[in-house]
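# Fold and geometry: a report
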Amino acid sequence: MVRSQKPPKLQATLDLNAPAAAGWAPSDLSRAFLDGGATLIQLGAKQMPSGALLQLAQRLVRLTEPYEARLIVNDRTDIAKM
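An account of the accompanying structure is given in this report. Only a predicted model underlies this, so the values are computations on that prediction, with no experimental measurement involved. (Residues numbered from 1 in each chain as written. Predicted model: local features only at pLDDT ≥ 70, side-chain atom pairs only at ≥ 80, totals over all residues. Heavy atoms only, no water.)

This brings us to unusual backbone geometry. Not every positive phi belongs to a glycine, and Glu68 is a case in point at roughly 55°. By the element assignment, Glu68 lies in the loop between helix H3 (50–64) and strand S3 (70–73). The phi dihedral of Asp75 falls on the positive side, at around 60°, and the residue is not glycine. Within the fold, Asp75 resides in the loop between S3 and helix H4 (77–80). A relative accessible area of 59% means that Asp75 is categorised as exposed. (Helix = DSSP H or I, 4+ residues; strand = E, 2+ residues; numbered from the N terminus. Buried < 20%, exposed > 50% of the residue type's maximum accessible area, 1.4 Å probe, protein only.)

Structure, rendered in structure tokens:
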């Protein structure tokens, strides 16, 4: 008897330089991560201004909710607390 196993959980890192270089919007790449099984997205955006980063983080949180996934914001506790 073969037991059905869940695939391992995927944790994805979203460094904003990578999708920009490939012509992807951060939310589109995040959706691809989630569709691929990611349960956690780690957002790195050290150079992004606070207001823009907060807006992006809020969009990504809304995006992750239906997938029951989480978003981590690197190096910005002020944004992560929002």
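Right, let's talk about the sheet that holds S3 for a bit. Reading across from one edge, S1-S2-S3 is the order of the three strands in this open sheet, with parallel pairing throughout. The sheet is open, and its two edges are formed by strand S1 (10–15) and S3, each paired on a single side. Each strand of the sheet is rotated relative to its neighbour by a mean of 20°, with strand direction disregarded. As defined by bridge partners, S1 adjoins strand S2 (residues 38–44) across six bridges and the pair is classed as parallel. Bridged to Leu10 within S2 is Ala38. Packed onto the sheet, helix H2 (residues 26–35) meets S1 and S2 and runs at close to 170° relative to S1. Across the sheet, H3 is in contact with S1, S2 and S3; its angle to S3 comes to roughly 160°. (Pairing = 2+ DSSP bridges. Axes fitted to C-alpha atoms, helices over the stretch in contact; angles between N-to-C directions. Contact = heavy atoms within 4.5 Å.)

On to the pattern of salt bridges, then. Inspection of the entire model under this criterion finds two salt bridges. The salt bridge involving Lys46 is made with Asp75; its shortest N-O contact spans 3.6 Å. Of this pair, Lys46 sits in the loop between S2 and H3 while Asp75 sits in the loop between S3 and H4, and the two are 29 residues apart along the sequence. Taken as a pair, Lys46 and Asp75 share a single burial class, namely exposed. Here Asp78 makes a salt bridge to Arg76, at a shortest N to O gap of 2.8 Å. The exposure class of Asp78 is partly exposed, given its relative accessible area of 38%. (Salt bridge = Lys/Arg side-chain N within 4 Å of Asp/Glu carboxyl O.)

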